[in-house]
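# Residue-level structural notes
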Amino acid sequence: MVHGAWHGAGHWAPLAGLLAARGHRVLALDLPGHGMSARFPVGYFAAGQPGLQSQPSPLVDVTLETAAQAVVAAARDLPRRPVLVAHSMGGAVATRAAELAPELFEHLVYVTAFVPTRLKAAGAYLALPEAKSALGAGLYLGDPAVTGAVRINPRSTDEAYLDELHAAYFTGLGPEQFLACAAALTPDQPVSFLASDAGATPQRWGRLRRTYVRCTLDRALPLELQDLMIRDADHLAPHTRFAQETIESGHAAFASRTRQLADILDAVTV
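Just so it is clear, the model here is predicted, and its values are computed rather than measured. (Residues numbered from 1 in each chain as written. Predicted model: local features only at pLDDT ≥ 70, side-chain atom pairs only at ≥ 80, totals over all residues. Heavy atoms only, no water.)

### Describing the side chain of T95
Among the secondary structure elements, T95 is positioned in helix α3 (residues 90-100). Discounting chain neighbours no more than four positions away, the residues touching T95 are Y110, F114, V115, P116, A198, A200 and W205. (Helix = DSSP H or I, 4+ residues; strand = E, 2+ residues; numbered from the N terminus. Contact = heavy atoms within 4.5 Å.)

Here's what the structure looks like:
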């Protein structure tokens, strides 16, 4: 399991628990610089968070390639080919990993995730008209050209800021569950994940079976954009067109529709 921007392996825990109870072996990864390997801007935990708008990210050395290689390395250690499940920005990582080593994976599952194919890089899709309804732009701090990251502030005490974070990324969660998920976020998402070419080709990435889990209430990755990426991917690799599943869920389906998502993944692995 590959998490999305700012997230970590811990966000998968409820879903992983359900799958484990059904007899599956589940490995949720912390991508480099995330989760328990997170690194933080100098002022992030200081009183008043001085300089947070402009401090260079400690994750500038973490690239899409770095993250994809970490996924490949983890897959090499497994006794059999896994189903690779990716959420959100993790879709760019999974796409690159599958292109690098398609022989290591059995099936790709994108859960309201980026699938960069025609436009090469995930960030290019965010400039499309299909992304215009996305929430979250008000969460970003500073200039990514200066910090080297798309930076948010999960430690903010501003009520309006937290309301936008909740609405954009954690639709459908109650206040306590939202705060628990938000507290586990890291502030920096390396720009490379958005800007780098995932390099998907029909001969390598495109030879794998794949499923896309559409989330109809997603306000971070709108449904129109999800569908466009599905079409682009199917055009690149028409012989392995996406199987599609649909959940009435916001962006964090792993938390808001955990059992329904577990049912889908359970069926995929049969």
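### Considering the packing of helix α1 (residues 13-21) against helix α11 (residues 258-268)
In contact at an axis separation of 9 Å, α1 and α11 are set at 50° when each is read in the N-to-C sense. Taken together, α1 and α11 sit at an angle that is classed as oblique. Seen from above, α1 lies across α11 with right-handed handedness. Only T258, R259, L261, A262, L265 and D266 of α11 make contact with α1, whose side of the interface consists of P14, L15, L18 and L19. Here the contact of α1 with α11 is composed, by residue class, of seven nonpolar, one polar and two charged. (Axes fitted to C-alpha atoms, helices over the stretch in contact; angles between N-to-C directions. Parallel < 35°, antiparallel > 145°, perpendicular 65-115°, else oblique. Left-handed = near helix turned anticlockwise from the far one by under 90°. Nonpolar A, V, L, I, M, F, W, Y, C, P; charged D, E, K, R; others polar.)

### Things to note about the pattern of salt bridges
For side chains of opposite charge, pairing can occur when their charged atoms come near one another. Tallied over the full model, the rule gives 11 salt bridges. Its salt-bridge partner being D61, residue R39 comes within 3.4 Å of it at the nearest N-O pair. Placement of the pair is R39 in the loop between α1 and α2 (64-76) and D61 in the loop between α1 and α2, with a sequence separation of 22 residues. Residue class for R39 comes out partly exposed when judged on its relative accessible area of 32%. (Salt bridge = Lys/Arg side-chain N within 4 Å of Asp/Glu carboxyl O. Buried < 20%, exposed > 50% of the residue type's maximum accessible area, 1.4 Å probe, protein only.)

### Overview of the nonpolar core
Nonpolar side chains in soluble globular proteins generally cluster together in the buried interior. Judged by nonpolar contacts, the single largest core of 84 residues is most densely connected at L15, V71, L165, W205 and L261. It is α2 that contributes the most residues to this core, seven residues altogether. (Core = buried A, V, L, I, M, F, W, Y, C linked by side-chain atoms within 4.5 Å.)

### Digging into the environment of P202
Considering the arrangement of structural elements, one finds P202 in the loop between α8 (191-195) and β5 (209-215). If we skip the residues at most four places from it in the chain, P202 touches R207 and L236.

### Quick notes on the sheet that holds β5
If you trace the four strands from one edge of the open sheet to the other, you get β1-β2-β5-β6, paired in parallel fashion. For this open sheet the edge positions go to β1 (83-87) and β6 (243-247), each flanked by a neighbour on one side alone. The average undirected angle you get between the axes of adjacent strands in this sheet is 15°. In terms of strand pairing, β1 meets strand β2 (residues 107-111) through five bridges, oriented parallel. Within β2, the position partnered with H87 by the bridge is V111. (Pairing = 2+ DSSP bridges.)

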